[in-house]
Structures are given as structure tokens and as C-alpha cells.
Protein chains: 4
Amino acid sequence: MKQIDLNADLGEGFGPWSLGDDVGMMQVVTSANIACGGHASDPTTMRKTLLLARENGVAVGAHPGFADREGFGRRLIPLTMEEVENLVASQIGALMGMAALVGVPVDYVKPHGMLNNWAAGNREASDAICRAVKAVMGPDAVMLAVSETELEHAARDHGLTACSEIFADRGYTPQGQLVPRGADGAMIHDVQQAVSRLLGFLESGLMPTVGGAPIPLNAQSICIHGDGPNAYETAKSLREALESDGVTIRAFGGGRT
Amino acid sequence: MKQIDLNADLGEGFGPWSLGDDVGMMQVVTSANIACGGHASDPTTMRKTLLLARENGVAVGAHPGFADREGFGRRLIPLTMEEVENLVASQIGALMGMAALVGVPVDYVKPHGMLNNWAAGNREASDAICRAVKAVMGPDAVMLAVSETELEHAARDHGLTACSEIFADRGYTPQGQLVPRGADGAMIHDVQQAVSRLLGFLESGLMPTVGGAPIPLNAQSICIHGDGPNAYETAKSLREALESDGVTIRAFGGGRT
Amino acid sequence: MKQIDLNADLGEGFGPWSLGDDVGMMQVVTSANIACGGHASDPTTMRKTLLLARENGVAVGAHPGFADREGFGRRLIPLTMEEVENLVASQIGALMGMAALVGVPVDYVKPHGMLNNWAAGNREASDAICRAVKAVMGPDAVMLAVSETELEHAARDHGLTACSEIFADRGYTPQGQLVPRGADGAMIHDVQQAVSRLLGFLESGLMPTVGGAPIPLNAQSICIHGDGPNAYETAKSLREALESDGVTIRAFGGGRT
Amino acid sequence: MKQIDLNADLGEGFGPWSLGDDVGMMQVVTSANIACGGHASDPTTMRKTLLLARENGVAVGAHPGFADREGFGRRLIPLTMEEVENLVASQIGALMGMAALVGVPVDYVKPHGMLNNWAAGNREASDAICRAVKAVMGPDAVMLAVSETELEHAARDHGLTACSEIFADRGYTPQGQLVPRGADGAMIHDVQQAVSRLLGFLESGLMPTVGGAPIPLNAQSICIHGDGPNAYETAKSLREALESDGVTIRAFGGGRT
């Protein structure tokens, strides 16, 4: 039986501002990476997003990022490893506080934007993130990492449960890395093409690559994007196409649908 | 055996800025109300302060306040009761995240500045604070409240453990309220006078008042101030004077000294 | 010849977030109240908005507000009068810096949200705002104020040029005040009704009231709203209806169209 | 007649926090680099600092920095060149607004911390800063730059008046650069040694170097530090020593003493 999770970054508004269609996306995804007040969000936005996740039976991930709202966590802020620990621990803590207030469990952690990109290729930063996650959420914590990154390896080495994600709309190199944006084959704009790649991968465990043979990847989740002009429609089409082909869409934690 | 706790607001720096002499004060108090990133502090400042508390065997209180660093939490920000819950839950959560990271328990909660003043006279705000504390820290949580305030009453009604504090340097009305700043007898500037009042209170349970008979007050802690020009010396003198008169200075939780 | 200005609050995004359809609204209004980094905006958002105003020949107003992005300047922050001066002077200065950078003049000032509401009924706050405006923009500065408010009176008394605005979608009391939101007649939801009221006013100088006779109002501008689901379409219909009835839509400064 | 200016970074508090002894330092320096709300300060702190400068007849410099209070402008935030322009223009504008409010002229600009370090070695960033300064302050603006840096060269090429500063407490390489912190000879801790080097330089125009012959440097100002444990005493000793040797301490603008 083919089964996969769909995750997206949600709850990324701030004060009067919103970003993307959280109400729609929550009906499509099975896991929501919820901003923790660093790159986006505030206590009231966290609450609203957590309640939306609960209403839709969506698993909750803490989504810590650089504390840089103006740059939306997409700029590298040069932190020490101790500061990375502090950033992650305090942001996960804030979301856990809000989650306790509304009675929703926090199921996993996925770093945001540039923090995630940095960790993907930097073992020290990944170790710092893992130390914070383990200290705050305990040794059974789940890390959602991009497949084949330093963060995924670090999570395993720290004894955490590592779940891996692939991207619905990105091409891969024969080494299992994402084709850099701007290069040929980096983006897969056509939903049908994206779906057929994903179906092939779910059956065979092999992902096509640009300029090489298909490669085996490990993945429990597909990352989709919650912003952009047609994010909801694209996400919905993707989910429906997968389901009509017999794929069960289910949170990787397994406890929710 | 006479016994009391000494508490002060600490860890109220931010980024490059510090406030008061945390290193000195941590050697005097038995309970530290530690700012949570709302009116003051940031993850790195929290960490430093938590470690300082641990080194000195000082109990840790979460000290949430209005998220208004420029006003240092001393201005009333008109929040809804749901926003009060969110503020308190997220700030306690952030400190608990940092406390988990460095392996220090969070022992109690004391609201900061105007949030505390507001709650003192407003049952709705006190209820909102208590709901957040109970949800995040559980039903065994301890609230440190000014003696005879709505917050103290609310904490009891919510099933929390309420501990009460009195002020070393403030006069009381016959109704058990603080004499308003500016009025005669509001401030007790002389340390010896402050000590003799406190010793009298610790023996009799009765506090002198301005313009009336002494009144019974309930108190497990004495609040002292960590900023101001001679805060450390004053605090040290107060502690030494109390100890030389046979008072044991011990955290109200009892578990620490 | 009937002539009026149309103004709206624009440039109220922040970092990755936007609010309303600035591109559309800039094609409709003749004056843009541009956020200055207090309740909304940041340097890059200011630049983008100023350039959009220039492209569309729209007059630029500085739109200072309480420095409270999370509350979008809609909460009363209890400032001293000196702090009000500082808030307004620094925010106007920031926008003037950006306007100088892109070569656009700043034509007037209109306070935002709760700062505007507060000033409308509070002469002291209005005086503080006027002192700041006069000091920073000089004695020829123009203040755009709600008709018949303390701010309008204060601006005149400080020797500033006061321009008055009325609201397209709000009802008036016989005393010339806005009918409070929630009361009967507070909101005029129908565009045609709004237009016919405005046309009547532009011909006669008299505005209908709820429960009384029409009253004379002074107005050089009509305030329309840039957010809300159909803001652009509503604004466009309003402008077209006014123009088709022979009203010239022109910035109150007169220098632009 | 030997003459030089003394400058220091001042007004670098925020909300309830202060940094260094501004009251003392203002009696020693002739030019104050005043924080503009980016890396430090807020409108009320700017006002207080500007008034202090006026009381002491001290020239005022706008001191823009990365908008990162938590990192105090000492971390490199990766901005585009357009964002550098926006940062500088809006911060200078904010200080000019405050300066207009209290009736004090802004005499020059000196970038802060990492922004200054970055510009020192990066011509593009220097150009962006110069474009903003020229647009906001006009073609007669004065830039205070570290001697022999890209910023100094850029300021001249943009037609601005470039004034150069040297450091009282830092060693120089034979190429005219600062000896990197941590290397031998980087810091000059002894005030008498610092003074004798400065006196020699003021007489000969030649600065000693580490490992080479003295080199000619251009300098209208000496940068001293306003924070640190004995900043005021050190600065005062330095000024007194220079004056007792016949050096006139005067703002480089010349208009003030």
C-alpha cells in the first residue's frame, strides 16, 4: 500500500498580515509546519493556526527560523552554534506553550528557510538544532528533514526519529541534491508531470534525475508550497491525483489522517 | 522558625544591553523572576540568566510581560483576554524551552510590571493569566502574586498554588493595599526601618499600616528590586540583617536554599 | 466646478507581507497616505510605495502611527505628549529620507488609526502632532484631518494648512461626528448610495445626517479604504461615478492630478 | 597649529536600556555619532542624545547601522545594494526628523559597526551608502570614514566631503590598515602610549606601523570608545593630554568647539 504525507509551511502571517491560504491548505496537507514567532507569526497567529490544524486533523510541526521577520528567515544571520540552540529551543518552546494552551500536541520539527538550507549542508548547525530539539521535546522527537542532508544524518545520530521529505516541484541531481534554482530542470511547473514523477517514486523508490539514472531516495513526506498565486488549487490537484491513483495521504507520524 | 523567600526581577537585559547587577543579585535572592522575551530579554539572555540561577541555587520564575520592549512592559497595552492568554502561554513556553535546553526547572510564574498591576485589580485578566499558566505548566503550577490581589485569589480558584509577596520598601494601607507612589508613607527608603518592619511581620504576621492598625498579611516572599543605583548593596544588607536575626532565607518552593 | 481628492492608506505591508491592492488603488486615488515604519512598512516597502505613487502621479502623505506592528496601530499605546512628538517626527523623517532617495516630495501628513482617532478628540495629542509636523516639514506643511476634529482645529491654530476629509462609507451625526460603528446608519455599504450622498454634498456643501437635518461640512478629500475584499473595485466604481457626474478628481494640494 | 576632532558612538541605548556614559562622554568629544533606531536607539533616546549634544556644543553625526538590535549592528545582514540605500536613507531621515524637532543640525554621517566594516572593504556597499547620504543630506554632506578605506574613496568620488578618522587605541599595518584584533600590536592599551603616538602623528602626519616604517595618514578626527569599563576616564585623559600639548580639540566641521 502506497502511503505518503503532505506537508506545507503554514501560519506564516504576522499581526494584521496573512500569507497564503491557510484555510484551504489545511484541507489538503496532513502535516503543517507552523511558524513560531521568529521569521513570522506571533502568539495570536500561532493560536489561530493551531486551532485550524486541530479542526482539520492535521499534524503540527514546529517551524523555527531566523528571528528576522523583515527578511522572512530567508537571509543568513551569522549565529554561533550556541545561538542556534537558543533560537530553536525558545521558538519550539513558544509554540509548545501555545499548543498546550489550546490542547494540541506538537508532533515534529522542521527548520525554516535559510536555517533549513544552512543546516542541510552544515553538520555543526544541524547538531545544534538537534541538541535543542532533543532537550526541549525529548529523545522521541521527530525531525522532518530534506532527504539526504546533514540535518537528516545529524537527527539519526542524535537518536531522534528522522523523517525525510522530497519536493513535488523540484528536479534532482544524480547525487540526490536539488537542482539549483535557475538551472535546467530545477522546477517542475506542470502538476501532471509532478504527479507522475511522484507516483513513479512511490512505486519504485526511485526518483528521476536531470542528466543521470533514477536514484533511490528515502521519503515519508512531500513538501508543497502554501504561498504563490495558485498554491491551494495546485496542492489540491496534486492530492486528488495521488489519491485517485491509490495513494493514501496520511501524516508520517501515523496517528492522524 | 522564621523563614522567607527573597525574589527579584532578573535577566531583564536585551541584546547588548543589561539592566542591574544580575551577578550580584543572584547571590542574594532565593527566587529569580526571569524575563521571557516580552518586555525584555532574548533567547541568549535567558540562557545566561538561567545558568546564573542554577549556579547560585536560585529558584526560577517565568516573568511574562507586555510584549513592549521600548516601554519595558510598564505601559498598558489594551489586549483582549484571549490575547492575554496567548502572551502568557507563549512567553512561559519560550522560557521553558530555554530551561529545558540548559536543564533547569521552571518553578513558578510572576507577571511583570503593568501586566501584574493590571491583574492585581482585574479578575478577568487574572483569570486569563491563570488559564495560561495552568495549561502550560499543569495544575501544580505556582503563582507568585502580590498579597491580597485579584491575581492571588484567581490563582487559588483555578487550583494553582498561590504564594504571596510583600514589598520590603513599600508602605501599606489599612486595607492591605500598597500606599500609592507619591503619597506619604509610600516608600521606605531606610534599610534598617525596612528590616525592622519585616522582622516584626515575620514574628507576628502583622504589617504596620499608614493611618491605621497593623493588619494580617499572608506572605511567603519579599520582593526586592534588582535595578536602581545601590540595589545589590541594599539587597545584601537586607538579607544579612534578616539572617542575623534568625530568619532563614529559602525559596518558597522549599526545594532550594 | 466640483473638485475633490480621493485618499487611501497605502504601503501598509511589512517585509514579505502586503496588505490590499496597492497597484490597483494607486490608479484610483489622488493622494496616498504612506505608512512610515511605525504601525506598518519598512524602508524597502516605503521605497516601492513611493515609486508607485510617482508612476501614477499620486500625491504622497506621511502616515505615522503607533509603533505597534502587531496591533497595526489600532491599539492605544499610552504615550506622553513628548513621546507623541518623537513618534511623529521620527516617522515623518524616515519617510522623507526615503522620499529624498527616490526623488519624490512629501506633500502632507495624515495620522494613522488609533493615533488619528485619539487626536480627533484630544487637543493635547493634536498639538503634539502639529508641533512635530511643523518642526520637521516647516510652517507650510499640510495636515489632512477628519472634518471637525480637534486635529483640524489644532492644525489651523499652529499655522499649518488644514485639509479636511470625509468618509465615503460612513454616516454622520447631526453634530458632524461619525456615527459609531455598530449603530444604525454607521456604514454605507452600497456604492450608489455613497456616490449620491457625495454628489449631493459636493453640490450643496451639506451632508445628510442620521436623525437630523443635513449639516455643512468642510472637505477637500474623500477617504476610501484600500483593504477589504473588494476595495479596488469599490474605489474604482466610486471614482468613475463621480467623474461621470462632472466631478474633477484631483489632489488637494492641486499640483497633481 | 595642531587641531583635531574627537568622535565617539553615543546615544546607543534603547527603551529602558542605556550603554556607556553619554553624559560624561559628551563633555569630552567634539563629534557624536548618534544611533538612528537601527542597531540601537528609538525616537525618545534620539531626542535625549541630541539635546545632550546641543548642551555640550557637540557636532551631530547620523550613525546608521544594520537594523538588528539584538546583534547591535555587529552581524553582517546580507542586504542588496538597494536595501543598503534604503537602510541608510530611512535612518538618516529619522534622525533628521528628530533633529529638526529639537532644532539641532545634523552635521555628518558615519556608518556603524559591521556596516562600516563592510563598506570599508567593499566599494559597492560604499557607493550605496554615499548615494543615500547625498540624496537625503545634499551634495554638501560630510562623510566620516576610516582613513584609507573604500568608503573614504567613494565619498570623494560622489562629491561628498570626506573626513577621515584614526583610532586612538589601534595599531596600523605598513599598508595603512588596522592590525586585526588578536594580532600582535592590534590594541594600544596604555593611554600615555596612545597619546604620544597621536601627538607624533599630529606633528608629522606619519603614523607608526607594526613591522614597517611610519606611513602618512590623512585624519581630521580621532575615534574613541564610549563604552567599556573606563571609557570616560580614558577619553578624558586622552583629551587633557592632547590639550596640554597644545592640540586644539575642535569639531572637524569647524563650526563648533
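Residue numbering note: each chain is counted from 1, following its sequence as written. Both sets of labels track the order of writing: A upward for chains, 1 upward for ligands. Thresholds applied to this predicted model are a pLDDT of at least 70 for local features of residues and 80 or more for the giving and counting of side-chain atom pairs; totals over whole chains, interfaces and linings are not thresholded and use all residues. The side-chain values count all of the structure's non-hydrogen atoms but skip hydrogen atoms and water molecules.

**Considering the overall build of chain A**
Secondary structure assignment for chain A yields eight helices and 10 strands. This radius of gyration counts C-alpha atoms alone. The globule rule is 2.2 Å times how many residues there are, raised to the power 0.38. Taking 18 Å as the expected radius of gyration for a compact globule of 257 residues, we find that chain A reaches 17 Å, a close match to that expectation. Seen through its C-alpha atoms, chain A measures out along the principal axes to roughly 45 × 35 × 35 Å. The buried share of chain A, reckoned over its 257 residues, is 60%. For chain A, the share of sequence-separated contacts (at least 6 apart) that also reach a separation of at least 24 residues comes to 72%. Shrake-Rupley sampling with a 1.4 Å probe provides the accessible areas, and residues are treated as covered by the protein chains on show and by no other component. As presented, chain A carries roughly 9500 Å² of accessible surface, and 49% of it is formed by carbon and sulfur atoms. Where helices and strands are cited, they refer to DSSP runs of H or I of at least four residues and of E of at least two residues respectively, numbered from the N terminus. Burial classification: accessible surface area is computed with a 1.4 Å probe over protein chains only, and a residue below 20% of its type maximum counts as buried, one above 50% as exposed, and the rest as partly exposed. We call two residues in contact whenever any of their non-hydrogen atoms come within 4.5 Å of each other.

**Structural notes on the packing of helix 3 (residues 81-102) of chain C against helix 5 (residues 123-137) of chain D**
With their axes 8 Å apart at the nearest point, helix 3 of chain C and helix 5 of chain D run at an angle of 105 degrees to one another. Taken together, the axes of helix 3 of chain C and helix 5 of chain D are roughly perpendicular relative to one another. Here helix 3 of chain C contributes Gly97(C), Ala100(C) and Leu101(C) to the contact with helix 5 of chain D, which in turn contributes Arg131(D), Ala132(D), Ala135(D) and Val136(D). The classification used treats Ala, Val, Leu, Ile, Met, Phe, Trp, Tyr, Cys and Pro as nonpolar, Asp, Glu, Lys and Arg as charged, and all other residues, Gly among them, as polar. In the contact of helix 3 of chain C with helix 5 of chain D, the residues fall into five nonpolar, one polar and one charged. All axes are obtained by fitting lines to C-alpha atoms, using only the stretch in contact for helices, and the reported angles, taken between N-to-C directions, cover 0 to 180 degrees. When an angle is under 35 degrees it counts as roughly parallel; over 145 it counts as roughly antiparallel; between 65 and 115 it counts as roughly perpendicular; any other value is oblique.

**Observations regarding the relation of the copies chain A and chain D**
The atoms used to superpose the copies are C-alpha atoms, taken from residues with pLDDT of at least 70 in both, and the fit is least squares. Superposition of chain A onto chain D requires a rotation of 180 degrees combined with a translation of 0.0 Å along the rotation axis, giving an RMSD of 0.0 Å. With respect to symmetry, the two chain copies, as superposed, fit the operation of a two-fold axis. Relative to the rotation axis, the closest C-alpha in chain A is found at Ile77(A), a distance of 3.1 Å. When the interface residues of chain A are mapped onto chain D, 100% of them again fall at the interface, so both copies present the same face.

**With respect to the pairing of strand 5 (residues 142-146) of chain B**
Residue and element names in this part refer to chain B. Most of strand 5 is tucked away, with five of its five residues classed as buried. Of the two faces of strand 5, the one lined by Val142, Leu144 and Val146 and the one lined by Met143 and Ala145 are each fully buried. Where strand 5 and strand 6 (residues 161-167) come together, five bridges link them in parallel fashion. Paired with valine 146 across the strands is glutamate 165, a residue of strand 6. Pairing between strands requires that DSSP locate at least two bridges from one strand to the other.

**Points about the relation of the copies chain A and chain B**
By a simple turn and slide, chain A fits onto chain B: the slide is 0.0 Å along the axis, the RMSD is 0.0 Å, and the turn is 180 degrees. Taken together, the interface assignments show that 100% of the residues at the interface of chain A recur at the interface of chain B, consistent with an identical surface on both copies.

**Observations concerning unusual backbone geometry**
What you tend to see is this: most non-glycine residues have negative phi, and most peptide bonds are trans. For Ser41(A), which is not glycine, the phi torsion reads 80 degrees and is therefore positive. Considering the arrangement of structural elements, one finds Ser41(A) in the loop between strand 2 (31-35) and helix 2 (43-55).

**A short note on the interface of chain A and chain D**
Taken together, the contacts link six residues of chain A with six residues of chain D. Both sides together, the interface formed by chain A and chain D hides about 490 Å², and carbon and sulfur atoms give 62% of it. Contact with chain D buries area across many residues of chain A, yet Arg75(A), Ile77(A) and Pro78(A) alone supply 72% of it, more than any other trio. Any carboxyl oxygen of Asp or Glu within 4 Å of a side-chain nitrogen of Lys or Arg constitutes a salt bridge here. Our count for the chain A to chain D interface comes out at zero salt bridges. Counting of polar contacts relies on pairs of N or O atoms within 3.5 Å, with two restrictions inside protein: one atom must be capable of donating a hydrogen and the other of accepting it, and residues adjacent in sequence are counted only when both atoms are side-chain atoms. Between the two partners, chain A and chain D, sit zero residue pairs in polar contact (both at pLDDT 80 or more). Taken together, the residues of the side of chain A that touches chain D break down into four nonpolar, no polar and two charged. Values labelled buried area give the accessible surface lost by two parts on being combined, using a 1.4 Å probe and summing over both.

**Some points on the interface of chain A and chain B**
Chain A puts 20 residues into the contact, and the matching count from chain B is 20 residues. Summing both sides of the interface, chain A and chain B together bury roughly 1500 Å²; the carbon and sulfur share of this comes to 63%. Among the residues chain A hides against chain B, the three largest losses belong to Arg47(A), Asn86(A) and Leu101(A). Together they make up 32% of the total. In this structure, the connection of chain A to chain B is made through four salt bridges. Its salt-bridge partner being Glu82(A), residue Arg47(B) comes within 3.6 Å of it at the nearest N-O pair. Taken together, chain A and chain B are joined by six residue pairs in polar contact (both at pLDDT 80 or more). Broken down by element, the residue count for the side of chain A that touches chain B peaks at 13 residues, all from helix 3 (residues 81-102) of chain A. Class assignment of the residues belonging to the side of chain A that touches chain B gives a composition of 10 nonpolar, five polar and five charged.

**Section: the packing of aromatic side chains**
For any two aromatic rings, the description comes down to two numbers: the centre-to-centre distance and the angle of the planes. Residues and elements named next belong to chain A. Any two of the Phe, Tyr and Trp rings considered here, Trp counted by its six-membered ring, make a pair once their centres fall within 6.5 Å; the pair's planes then place it as stacked at under 30 degrees, edge-to-face at over 60, or tilted in between. Applying the stated criterion across every chain yields a total of 24 aromatic pairs over all chains. Centroid distance phenylalanine 14 to tryptophan 17: 5.9 Å. Interplanar angle 25 degrees. Geometry classified as stacked. Phenylalanine 14 gets classed as buried once you look at its relative accessible area, which sits at 5%. The class for tryptophan 17 is buried, based on a relative accessible area of 2%.

**Concerning the nonpolar core**
To define a nonpolar core, start from buried Ala, Val, Leu, Ile, Met, Phe, Trp, Tyr and Cys residues and group those joined through side-chain atoms within 4.5 Å. Ile224(A), Ile224(B), Ile224(C) and Ile224(D) are the most contacted members of the largest nonpolar core, which totals 320 residues. Once you skip the residues sitting within four places of it in the chain, Ile224(A) turns out to touch Leu6(A), Asn7(A), Ala8(A), Met25(A), Val28(A), Val29(A), Ala168(A), Ala235(A) and Leu238(A).

**A short note on the pairing of strand 1 (residues 3-10) of chain A**
Residues and elements named next belong to chain A. Summarising burial for strand 1: six of the eight residues are buried, a large majority. Where strand 1 and strand 10 (residues 248-249) come together, two bridges link them in parallel fashion. If you follow isoleucine 4 over to strand 10, its bridge partner there is isoleucine 249. Inspection of the sheet shows strand 1 paired to strand 9 (residues 221-223) by three bridges, in the parallel sense. Paired with leucine 6 across the strands is isoleucine 222, a residue of strand 9. Pairing of strand 1 with strand 2, which is carried by four bridges, proceeds in the parallel orientation. Across the sheet, asparagine 7 pairs through a bridge with serine 31, a residue of strand 2.

**A word on the environment of Gly73(D)**
Residue and element names in this part refer to chain D. Its location among the elements puts glycine 73 in the loop between strand 3 (59-63) and helix 3 (81-102). Sequence separation between glycine 73 and alanine 89 is 16 residues, and the spatial gap between their C-alpha atoms is 16 Å. Not counting the four nearest positions on each side in its chain, glycine 73 is found in contact with His39, Phe66, Asp68, His112, Gly113, Met114 and Leu115.

**Description of the side chain of Thr30(D)**
All names here are of chain D. Looking at where threonine 30 falls in the secondary structure, it is placed in the loop between helix 1 (22-25) and strand 2 (31-35). Using a relative accessible area of 1% as the deciding quantity, one classes threonine 30 as buried. In this structure the side chain of threonine 30 is engaged in a polar contact, spanning 2.7 Å, whose partner is the side chain of aspartate 5.

**With respect to the confidence of the model for chain A**
A residue's pLDDT is the predictor's confidence in that residue, given on a scale from 0 to 100. Averaged over all residues, the pLDDT of chain A is 94; the fraction at 70 or higher stands at 98%. Here the prediction assigns the complex a pTM of 0.96, and the interface score ipTM is 0.95.

**Side note on the side chain of Arg170(D)**
All names here are of chain D. In this fold, arginine 170 is placed in the loop between strand 6 (161-167) and helix 7 (191-204). When charges are tallied, Lys and Arg are placed among the positive residues and Asp and Glu among the negative ones, while His and the ends of the chain are skipped. Buried charge arginine 170 goes without a salt bridge, the closest partner of opposite sign being aspartate 169 at 5.5 Å. Among the polar contacts listed, one links the side chain of arginine 170 to the backbone oxygen of valine 179, at a separation of 2.9 Å. Among the polar contacts made by the side chain of arginine 170, one reaches the main-chain carbonyl oxygen of alanine 186 at a distance of 3.3 Å. Filtering out sequence-adjacent residues up to four positions away, arginine 170 remains in contact with Leu178, Val179, Pro180, Arg181, Ala186, Met187, Ile188 and Arg197.

**A closer look at the pattern of salt bridges**
Residue and element names in this part refer to chain B. As enumerated under the stated definition, the model contains 48 salt bridges over all chains in all. A salt bridge links glutamate 243 to arginine 239; the nearest nitrogen and oxygen atoms lie 3.2 Å apart. One end of the pair is glutamate 243 and the other is arginine 239, both in helix 8 (residues 231-244) and four residues apart, which spans about a single turn. By relative accessible area, which is 36% here, glutamate 243 ends up partly exposed. Looking at arginine 239, the relative accessible area reads 16%, which means it is buried.

**Details of the state of the cysteines**
Residues and elements named next belong to chain B. Any two cysteine sulfur atoms within 2.5 Å of one another count as a disulfide. Tallied over the full model, the rule gives zero disulfides over all chains. Looking at the unpaired cysteine 130, the closest cysteine sulfur is the one in cysteine 163, lying at 13 Å. By relative accessible area, which is 0% here, cysteine 130 ends up buried.

**Some points on helix 2 of chain A**
For a helix, the expected span equals 1.5 Å multiplied by the number of residues minus one. Along its 13 residues, helix 2 of chain A runs 18 Å from first to last C-alpha, staying within 8% of the 18 Å computed at 1.5 Å per residue. Every buried residue belonging to helix 2 of chain A is among Pro43(A), Thr45(A), Met46(A), Arg47(A), Thr49(A), Leu50(A), Leu52(A) and Ala53(A), and all of these are buried. Taken together, the buried residues of helix 2 of chain A touch strand 1, helix 1 (22-25), strand 2, strand 3 (59-63) and helix 3 of chain A together with helix 3 (81-102) of chain B. The positive-phi residue at the C-terminal boundary of helix 2 of chain A is Gly57(A), with phi of around 65 degrees.

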